[in-house]
Amino acid sequence: FCIKGFEDFGALVVVATPWPPVNSLTPRLFALVLRNPSEQGRGLVLALNADRKVLGETARGIVRELGEGTEALVAVSLYEALRSDAALLAMVASGESQAGVVA
């Protein structure tokens, strides 16, 4: 993902997706990413949106809900469990979530 994060929440970061000049007529997408604890330049895309403020609010909500549990987001074991969850990966690939929102 983009090296420069627009908003940094530790393990969570809002970044810009690649946007070649050919796409100048379409809105740029931003991603809320859970950073790979072993390789900070990689991560799992949790959500996409053309409004980066929405993703920032989503990240703030996650951090607020987790409270002190936010530290768990940097655990390699949690990241690997999410990365290897076949049902989760299928849901993300299909663009669906339990709430019907693109994840």
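A short tour of the structure in this document, coming up.

Cut-offs and rules
Residues numbered from 1 in each chain as written. Predicted model: local features only at pLDDT ≥ 70, side-chain atom pairs only at ≥ 80, totals over all residues. Heavy atoms only, no water. Helix = DSSP H or I, 4+ residues; strand = E, 2+ residues; numbered from the N terminus. Buried < 20%, exposed > 50% of the residue type's maximum accessible area, 1.4 Å probe, protein only. Polar contact = N/O pair within 3.5 Å; in protein donor to acceptor, adjacent residues only side chain to side chain. Contact = heavy atoms within 4.5 Å.

On to the side chain of Glu7. Residue placement: Glu7 occurs in strand 1 (residues 5-9). Of the residues examined, Glu7 reaches a relative accessible area of 19% and is grouped as buried. Only 2.8 Å separates the side chain of Glu7 from the side chain of Arg60, close enough to count as a polar contact. Not counting residues up to four positions away in its chain, the partners in contact with Glu7 are Leu12, Val13, Val14, Arg52, Gly56 and Arg60.

This paragraph deals with the side chain of Thr70. The residue Thr70 is located in the loop between helix 1 (52-66) and helix 2 (76-83) in this model. Judged by its relative accessible area of 17%, Thr70 is buried. For Thr70, the side chain forms a polar contact with the main-chain oxygen of Gly67, separated by 2.7 Å.

Read these as spatial facts, not as claims about activity.
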